[in-house]
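Topology and contacts: notes
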Amino acid sequence: MNTRNFHTNFKLQNKLFLNAEELLSYSSTISKDLQDFLTDWFSSKEIITVQTSGSTGKPKRINLQKQQMINSALVTGTFFSLPPKTSALLCLPINFIAGKMMIVRALTLGWELDIIPPSSYPLKSISKSYDFCAMVPLQVENSLEKLSFIKTLIVGGGVVSNKLQQKLQDCSTHIFATYGMTETITHIAIKKINNFSKGNKTHHNYYKVLPNTTIYQDKHNCLVIKNSKIASDVVFTNDVVKLVSDNKFEWLGRVDNVINSGGIKLHPESIEEKLGTVIDSPFFVTAFSDEKFGQKLVLVVERTISNKETQAKILLEKIKKSNILHKFEIPKEIIYLNNFNYTSTGKVQRTKTLRQL
């Protein structure tokens, strides 16, 4: 059996393993997903087949080189100073890349890894502290009271709203938003999102790429990523960015979501980030066809109220007075819906929600 980068100091559920055979046998007592992944990992095959989440396109299966996954694990360990015997918590699904990479990091770096079933409330029954953990924003939102049990936390799989960032400011945990995808073997860039010093917030919108990664833009201003240690080919993304330097960028949104209103290109994700500072209810912005502008920007808010027209006017005035939006980014229409449709991980299903109209 191939014991690819199996670190003999590796602990799983507080049990020390000295060989891959013993670990593989024990994994069946935890979950079939773990056993299936470890069976693939310790096989003689040079690749791992991974299913993408489908959050930015149609789900697909892609092949990743095991050595590139190891390279990614080594970079994460070095960047966050996570040596052997680091205690880590895996609370993400093992059948996607983020969960798989937590296991690869633990095996490669000699961590002490605890695995719990994926849950929207991952820290609910936790009573011990961990050096490192990865979560999606919904899990973070539902773990605010116990985040101090985690020393370093990376957050991916969705945008961390301004509202959530504000709740995290005084948390002792070192929290970082990550940028990446299955094709780049999870994150290739990070940005710190809490413990900001007052009056020094400008740079916090910028992601900084990890070592050995080169970035540039294509003709559509979308991010292009080159790192031969983790991806055999150059990765062309659909993410519109603003390059700040040769290793920093600001994420503006998906190119396929861009709204063209009267010749002005608007990025919904960027507008939503700003609106998050003045709107308390769940919301999103979208585009409706318009004879004058081609497309008009529409704000959709989840809230059960009777006087929707009056409340829409009040909210519009609040947005205008806040001066957070450029004049072209101010919604042309505000719509209230009683209930949004959500995915199992808490993301709004925009298309399905709009079918209610």
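Here's a quick rundown of the structure. (Residues numbered from 1 in each chain as written. Predicted model: local features only at pLDDT ≥ 70, side-chain atom pairs only at ≥ 80, totals over all residues. Heavy atoms only, no water.)

Our next topic: helix α2 (residues 32-41). Looking at α2, one finds that the buried residues are Leu34, Phe37, Leu38 and Trp41. End-on, the buried residues of α2 take up no more than an arc of 95°, which puts them together on one face. (Buried < 20%, exposed > 50% of the residue type's maximum accessible area, 1.4 Å probe, protein only. Helix = DSSP H or I, 4+ residues; strand = E, 2+ residues; numbered from the N terminus. Arc of directions from axis to C-beta.)

This paragraph deals with the packing of aromatic side chains. Evaluated as defined, the whole model comprises 13 aromatic pairs. On the basis of an interplanar angle of 75° and a centroid distance of 6.3 Å, the ring pair of Phe6 and Phe10 is categorised as edge-to-face. In this pair, the class of Phe6 matches that of Phe10, namely buried. One residue, Lys332, lies across the ring of Phe293, its end atom 4.8 Å from the ring centre. (Phe/Tyr/Trp six-rings, centres within 6.5 Å; stacked < 30°, edge-to-face > 60°. Lys NZ or Arg CZ within 6 Å of the ring centre and 35° of its normal.)

Bringing unusual backbone geometry into the picture now. Phi angles above zero are rare outside glycine, and Gln13 is one such case at about 50°. Structurally, Gln13 is set in the loop between β1 (11-12) and β2 (15-16). Judged by its relative accessible area of 28%, Gln13 is partly exposed. The phi angle at Ile185 is positive, at roughly 55°, despite the residue not being glycine.

What the 3 strands build is an open sheet, ordered β18-β19-β20; its pairing is mixed. The outermost strands of the open sheet, each flanked by one partner alone, are β18 (283-290) and β20 (333-337). Here the average twist between neighbouring strands, direction ignored, is 35°. Looking at chain direction, strand β19 (residues 294-302) and β20 are connected through 5 bridges and run parallel. (Pairing = 2+ DSSP bridges. Axes fitted to C-alpha atoms, helices over the stretch in contact; angles between N-to-C directions.)

A full pass over the atoms with the stated rule returns 2 cavities of 30 Å³ or more. Size it by volume and the largest cavity reaches roughly 60 Å³. At the level of elements, α3 (66-79) and β10 (186-192) are the ones that each hand at least two residues to the lining of the largest cavity. When the residues that make up the lining of the largest cavity are grouped by side-chain class, the tally is 5 nonpolar, 4 polar and no charged. Around the second largest cavity, the lining residues are Phe10, Leu12, Leu23, Leu34, Leu38, Ile103, Leu107, Leu113 and Ile115. Contributing elements (two or more residues each) for the lining of the second largest cavity: α2, α4 (97-109) and β6 (112-115). The residue makeup of the lining of the second largest cavity, split by class, is 9 nonpolar, no polar and no charged. (1 Å grid on protein atoms, 1.4 Å probe; cavity = no way out; pocket = protein on both sides within 12 Å on 5 of 7 lines; lining within 4 Å. Points joined across faces, edges and corners; volume = space filled by probe spheres on them. Nonpolar A, V, L, I, M, F, W, Y, C, P; charged D, E, K, R; others polar.)

This is a description of form; function is not addressed.
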